[in-house]
Amino acid sequence: MTSHRERVLHQAASLLLAYPGGDLALVRDALEAAPSRPARLVRPFLDFAARLTSHELAAHYVEVFDFKNRHSLYLSWWQDGDTRRRGVSLVAFKQAYRAHGLLLSGEELPDFLPIVLEFTAATGDTSLLLEHRPGLELLRLALEDAGTPYAHVLAAVCATLPGPSPKDRAQARALARNGPPREDVGLRPYGHLDLLPVLSPGSHR
């Protein structure tokens, strides 16, 4: 079962990886109240964001994530690309949410990483992150290569998963071939920071 600290980290990361507009001071306070090594990894990004205006941070987000598949926040893209298989993967995300009584609200695709992180924070179920661990690691490496502080947020998320992170793309691809390490996860709903309410009981896309 994931710990309270990991759930706080996942919920904080869900906000930080969504389009900027949330309360970064609240995120910092929450992470400081639930200290951990992954939480410390987020600090360079928070320090970076604190130096920018909201407009500047939004512009940086668009520069990093919009129109660049190599920085895609849609996890099934890393596994399936723009192929017909991706539709099957998207259904699997929705089924995972429904298994916990959660349905999508809004128009975002179910594999959008901030939504997956909110789901993980709400339920303690890391199965989607584990299944798509190779894509997470490839995204982390791509953001590191791009020199964006968003790489620190991905590094923090990956640090909550079992085993060391791959050091390069070859190791990340090997992880995709061999499968990610597994661990038992808790399935009980748990109180968490209500920072990005995209998933909710009884809401319909």
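Note: the structure precedes this text.
Below, the structure is looked at part by part. (Residues numbered from 1 in each chain as written. Predicted model: local features only at pLDDT ≥ 70, side-chain atom pairs only at ≥ 80, totals over all residues. Heavy atoms only, no water.)

1. Thoughts on helix α2 (residues 24–33)
Using the following cut-off: Whether a residue is buried, partly exposed or exposed follows from its accessible area with a 1.4 Å probe, protein chains only, as a fraction of its type maximum: under 20%, in between, or over 50%, in that order. A helix here means a DSSP run of H or I that spans at least four residues, while a strand means a run of E at least two residues long, and both kinds are numbered starting from the N terminus. Read the arc as the range of directions from the helix axis to the C-beta atoms. Should any heavy atoms of two residues lie within 4.5 Å, those residues are considered in contact. Pairs of N or O atoms are called polar contacts if they sit within 3.5 Å, as long as, within protein, a hydrogen donor faces a hydrogen acceptor (for residues adjacent in sequence, only side-chain-to-side-chain pairs).
What α2 keeps buried is the set V27, A30 and L31. Buried residues of α2, seen end-on, are gathered within an arc of 95 degrees and therefore sit on one face of the element. At its buried positions, α2 is contacted by α1 (4–16) and α3 (37–50). Where α2 starts, the residue carrying a side-chain oxygen 3.0 Å from the main-chain nitrogen of A25 turns out to be D23.

2. Quick word on helix α4 (residues 54–65)
Note the cut-off: Helices are assigned an expected span. That span is 1.5 Å times one less than the residue count.
With 12 residues, α4 ought to run about 16 Å at 1.5 Å a step, and its terminal C-alpha atoms sit 16 Å apart, in line with that. Here α4 has its buried residues at L57, A58, H60, Y61, V64 and F65. Around the axis of α4, the buried residues are gathered within 160 degrees of arc, so they sit on the same side. For α4, exposure combined with an orientation more than 90 degrees from the buried face picks out H55 and E63.

3. Some remarks on the pattern of salt bridges
Stated precisely, the cut-off is as follows: Salt bridge criterion: a side-chain nitrogen from Lys or Arg within 4 Å of a carboxyl oxygen from Asp or Glu.
Summed over the entire model, instances satisfying the criterion amount to 5 salt bridges. Its salt-bridge partner being R28, residue D47 comes within 3.1 Å of it at the nearest N-O pair. Here D47, found in helix α3, pairs with R28, found in helix α2; they are 19 residues apart in sequence, far enough to count as distant. Under the relative-accessibility criterion, D47 is labelled partly exposed at 36%. When its relative accessible area of 24% is taken as the criterion, R28 is described as partly exposed. Across the pair E137 and R140 runs a salt bridge whose closest N-O atoms are separated by 2.7 Å.

4. Re the nonpolar core
For clarity, the threshold we go by: The set of buried Ala, Val, Leu, Ile, Met, Phe, Trp, Tyr and Cys residues whose side-chain atoms join them within 4.5 Å is what this entry labels a nonpolar core.
L31, F45, Y97 and L113 are the most contacted members of the largest nonpolar core, which has 48 residues in total. With 7 residues, helix α10 (residues 150–159) is the largest single contributor of residues to this core.

5. Some words on the side chain of T2
Along the chain, T2 turns up in the segment before α1. Relative accessible area serves as the criterion here: at 8%, T2 is assigned to the buried category. One polar contact links T2 to R7, side chain to side chain, over a distance of 3.1 Å. Polar contacts involving the side chain of T2 include one to the main-chain carbonyl oxygen of G124, which spans 3.4 Å.

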